Amino acid sequence: MQRAFAAGMLIALIAPIIGVFLIMRKQSLIADTLSHIALAGVAIGLVIGSQPEWMSIFIVILGAILIEFLRVRFKSYSDVSIAILMAAGLSIALCLMSISPRGSKTMDQYLFGSIITVTGHQIAVFLAIAIGIFIYFMITKRSLYTMIFNEDVAKVSGISTKFLSFSFSAVIGLFISMMIPMIGMLLVSAIIILPAAIAIQLTTRFRYVFIIASLVSILCTFWGLVSSYKIGTPPGASIALCMVMGILLTLIYKKSKEILFKRIGE
Amino acid sequence: MTVSTIGLNNVTFGYLKNIVIENLSFTIEQGQFAAITGENGAAKTTAMRLLLGLLKPWKGSRLWPKNLNTSYVPQQIASIEQDFPSTVFEFIVSGSWKSKKWYERVSKADIEKAEALVNKFDLQNVVHLPIGKLSGGQKQKACVARAFMSNPEILLLDEPTAGMDEKMRNIFYETLKSMCPKVTIVIITHHINEVKPYIDQIIHLERRQESCLN
């Protein structure tokens, strides 16, 4: 359980940072697409007999770079490319897993994940990667902000937008492929996007949005894991459910505040 | 010709096989306030993007000194998302990041400069609002204020007065004029008559190729 908390907190610290930038870039669906591609990576690993985890990381990073390439190449159809890659990832995964003897067991493991069974070695690797990703965002935060605001403005400011976009995609790919065995492919996107969505509703300040998103994520991960332990529900699903409740409460709070201010105004 | 003269030299450019600019040449001297004018489809934005190096000409060359501190405010910048998590003040201050390393903090001088720009562009009442919630004209002004934060030597603005009424436009041109000759300013505008009293040079583009210099 201690290891589950450690892994959960690492996810809770990094996932919202990625989520904020994805929402600002209007690319919330990318996390979902990449998790589908990760499953294809696992399936390829099983079929060719290599380590599924490393193959999944390799394929997801490749997929993330491919999505970015398609986004630039077909600007008006960028959401179509996401849909194509999502379908491609899942269909490749399902076909390959059906011919692999370990397919169905591994499929379950990656679909739903298990943060409880995470090993000390996995946490050590995850910690190193999380620190690397955190440093990446510290260095590129301002450039990402400018690029999201406007790519041409960023280019004129001397920012290499091509490198920044591709590295951003690769970093997301890497993080998602690390998250999947713990959280499960089906809920990765929710864990990344929901805390960021809550924070964007609660603050209009760029410097606070990351702090609020991380706090929300830590709180929901904590309550999710505790309730999972007490009630026996799946940990990933419990964390995601806490986040869904969080966004509902945030929306209710915002609406009531609006109504209250309107009444005071009258 | 001064060191910071910019311009295009016999530039030809097009999209797919259609030439939209043919043999276009002009120069803008340091400290000038220049306007690129012309009807819709005269490739004004294309000319500005060629000047900035965002597009590569098919033929001809661009006159652009190295290491020039440039700021650019593109067209339709007003389409910033409503939920963009940034206040107007944060957004303006973000213009100073350009000259800073990632670990350098925003200085007191930057904050004071941002406050002065807020006053200059008359944004005092909206400074704490989210940038996405401003009107089109206010967003344009905030974008121009942001562009001034990095002390640019050259500022290029693509239709910066979209969404502003006539009175607001005149105040805006006057504010820009007050920044010259410290900064070279190039703007794209449809309002030739309005802008004439303030500018030093008009580059008028005719639809498809011909360009005449004033």
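Residues numbered from 1 in each chain as written. Chains lettered and ligands numbered in written order. Predicted model: local features only at pLDDT ≥ 70, side-chain atom pairs only at ≥ 80, totals over all residues. Heavy atoms only, no water.

Description of the confidence of the model for chain B
Residues and elements named next belong to chain B. Of the residues in chain B, 93% reach a pLDDT of 70 or more, and the chain-wide mean stands at 87. Here residues 209–214 scores under 50 on pLDDT; set against residues more than four positions off or in separate chains, the count is 16 contacts. Scoring the predicted complex yields pTM 0.88 and, for the interface, ipTM 0.87. (pLDDT = per-residue confidence, 0-100. Contact = heavy atoms within 4.5 Å.)

Thoughts on the domain arrangement of chain B
Residue and element names in this part refer to chain B. Here the domain parsing of chain B yields domain 1 (1–68 + 153–214) and domain 2 (79–151). Centre-to-centre separation of domain 1 and domain 2, based on C-alpha positions: 24 Å. Taken residue by residue, the interface counts 16 residues in domain 1 and twelve residues in domain 2. For the pair domain 1 and domain 2, the summed buried area comes to about 990 Å², and 78% of that belongs to carbon and sulfur atoms. Counting across the interface, domain 1 meets domain 2 through zero salt bridges. (Domains from an automatic or database assignment. Buried area = accessible area lost by both parts, 1.4 Å probe. Salt bridge = Lys/Arg side-chain N within 4 Å of Asp/Glu carboxyl O.)

A few points about the sheet that holds strand β2 (residues 18–28) of chain B
In a beta sheet, neighbouring strands are held together by backbone hydrogen bonds and run either parallel or antiparallel to one another. Residues and elements named next belong to chain B. Across the sheet, which stays open at both edges, the three strands sit in the order β2-β1-β4 with antiparallel pairing between neighbours. Across the chains shown, the open sheet's two edge strands, defined by having one partner strand only, are β2 and β4 (59–63). Across the sheet, the axes of successive neighbouring strands diverge by a mean angle of 20°, strand direction being ignored. Examined bridge by bridge, strand β1 (residues 6–15) and β2 share seven bridges and lie antiparallel to one another. What sits directly across from Y15, in β2, is N18. This element, helix α1 (residues 44–52), spans β1, β2 and β4 of the sheet and lies at about 120° to β1. (Pairing = 2+ DSSP bridges. Helix = DSSP H or I, 4+ residues; strand = E, 2+ residues; numbered from the N terminus. Axes fitted to C-alpha atoms, helices over the stretch in contact; angles between N-to-C directions.)

Concerning the packing of aromatic side chains
In total, this model carries 22 aromatic pairs over all chains according to the counting rule given. When the ring of F21(A) is compared with that of F210(A), the centres are 5.3 Å apart and the planes differ by 45°; the resulting orientation is tilted. Of the two residues, F21(A) sits in helix α1 (residues 2–24) while F210(A) sits in helix α10 (residues 206–231), which places them 189 residues apart along the sequence. Considered together, F21(A) and F210(A) belong to a single accessibility category, that of buried residues. Judged by centre distance (6.1 Å) and plane angle (50°), the rings of F13(B) and W58(B) are tilted. Here the residue F13(B) occupies a position in strand β1, and W58(B) occupies one in the loop between α1 and β4, the gap between them amounting to 45 residues. On the basis of relative accessibility, which here comes to 44%, the residue W58(B) falls in the partly exposed class. (Phe/Tyr/Trp six-rings, centres within 6.5 Å; stacked < 30°, edge-to-face > 60°. Buried < 20%, exposed > 50% of the residue type's maximum accessible area, 1.4 Å probe, protein only.)

Things to note about a positive patch on the surface
Taken together, the side chains of K75(A), K155(A), K162(A) and K56(B) present a region of like positive charge at the surface. You can see K75(A) is positioned in the loop between α3 (52–73) and α4 (78–99). By relative accessible area, K75(A) is classed as exposed at 59%. (Patch = residues over 30% accessible without salt bridge, like charges linked within 9 Å, V, L, I, M, F, W, Y side chains within 5 Å. Areas by Shrake-Rupley, 256 points an atom, 1.4 Å probe, with all protein chains shown as cover. Lys, Arg positive; Asp, Glu negative; His and termini not counted. Charge placed at Lys NZ, Arg CZ, Asp CG, Glu CD.)

Focus on the pattern of salt bridges
Opposite charge on two side chains lets them pair, provided their charged atoms get close. All names here are of chain A. Applying the stated criterion across every chain, the model contains seven salt bridges over all chains. The salt bridge involving E151 is made with R25; its shortest N-O contact spans 3.9 Å. With E151 in helix α7 (residues 151–156) and R25 in the loop between α1 and α2 (30–48), the pair connects residues that are 126 residues apart, well separated along the chain. Residue E151 is classed as partly exposed on the basis of its relative accessible area of 23%.

Considerations on the packing of α1(A) against helix α8 (residues 161–183) of chain A
Helix-helix packing is described using two parameters, namely the angle between the two axes and the distance between the axes. Residue and element names in this part refer to chain A. Packing of α1 against α8 leaves a shortest axis separation of 11 Å and a crossing angle of 145°. Along this stretch, α1 crosses α8, giving a crossing that reads as left-handed. Within the contact between the two elements, α1 uses A7, I11, I14, A15, I18, F21 and L22 and α8 uses F168, I172, F175, M179, M182 and I183. When grouped by side-chain class, the residues that make up the contact of α1 with α8 number 13 nonpolar, no polar and no charged. (Left-handed = near helix turned anticlockwise from the far one by under 90°. Nonpolar A, V, L, I, M, F, W, Y, C, P; charged D, E, K, R; others polar.)

Overview of the side chain of H36(A)
Along the chain, the position of H36(A) falls in helix α2. Discounting residues that sit within four places of it in the chain, H36(A) has contacts with M86(A), G89(A), L90(A) and M185(A).

Here we look at the layout of surface pockets
Roughly 990 Å³ of volume is contained in the second largest pocket. K141(A), R142(A), F206(A), R207(A) and W97(B) are, among the 25 residues lining the second largest pocket, the residues nearest its centre. Those elements that provide at least two residues to the lining of the second largest pocket are α1, α6 (120–149) and α10 of chain A together with α2 (88–93) of chain B. Partitioned by chemical class, the residues of the lining of the second largest pocket number 15 nonpolar, three polar and seven charged. (1 Å grid on protein atoms, 1.4 Å probe; cavity = no way out; pocket = protein on both sides within 12 Å on 5 of 7 lines; lining within 4 Å. Points joined across faces, edges and corners; volume = space filled by probe spheres on them.)

Describing the nonpolar core
Counting residues in each nonpolar core, the largest one holds 129 residues, and the members touching the most others are F21(A), F137(A), I192(A), F148(B) and I185(B). Composition of this core by domain shows at least three residues from each of domain 1 (1–68 + 153–214) and domain 2 (79–151) of chain B. Beyond its immediate sequence surroundings of up to four residues, I192(A) is in contact with A15(A), P16(A), I18(A), G19(A), L22(A), A31(A), I176(A) and M179(A). (Core = buried A, V, L, I, M, F, W, Y, C linked by side-chain atoms within 4.5 Å.)

Some details on a nonpolar patch on the surface
On the surface, L127(A), I131(A), F134(A), I135(A), M138(A), I139(A), W102(B) and Y103(B) cluster together into a nonpolar patch covering about 780 Å² of accessible area. Structurally, Y103(B) is set in the loop between α2 and α3 (108–120). On the accessibility criterion, Y103(B) (54% relative accessible area) is exposed.

Describing α10(A)
Residues and elements named next belong to chain A. With 26 residues, α10 should cover 38 Å at 1.5 Å per step; its first-to-last C-alpha distance of 37 Å lies within 8% of that length. F206, V209, F210, A213, S214, V216, S217, C220, T221, G224, L225 and S228 are the residues of α10 that are buried. One or two residues past the end of α10 sits G232, with phi positive at roughly 90°. (Expected span 1.5 Å × (residues − 1).)

Observations concerning the interface of chain B and chain A
Tallying the contact residues gives 28 residues for chain B and 22 residues for chain A. Summing both partners gives a buried area of about 2300 Å² for chain B against chain A, and 66% of it is carried by carbon and sulfur. The largest share of the area that chain B buries against chain A comes from P85(B), W97(B) and W102(B), three residues that together contribute 30% of it. On the surface where chain B and chain A come into contact, there are one salt bridge. Between R49(B) and D152(A) there is a salt bridge, with the nearest N and O atoms lying 2.3 Å from each other. At the junction of chain B and chain A, the tally comes to nine residue pairs in polar contact (both at pLDDT 80 or more). Only α1, β5 (70–73), α2 and α4 (136–148) of chain B provide two or more residues apiece to the side of chain B that touches chain A. (Polar contact = N/O pair within 3.5 Å; in protein donor to acceptor, adjacent residues only side chain to side chain.)

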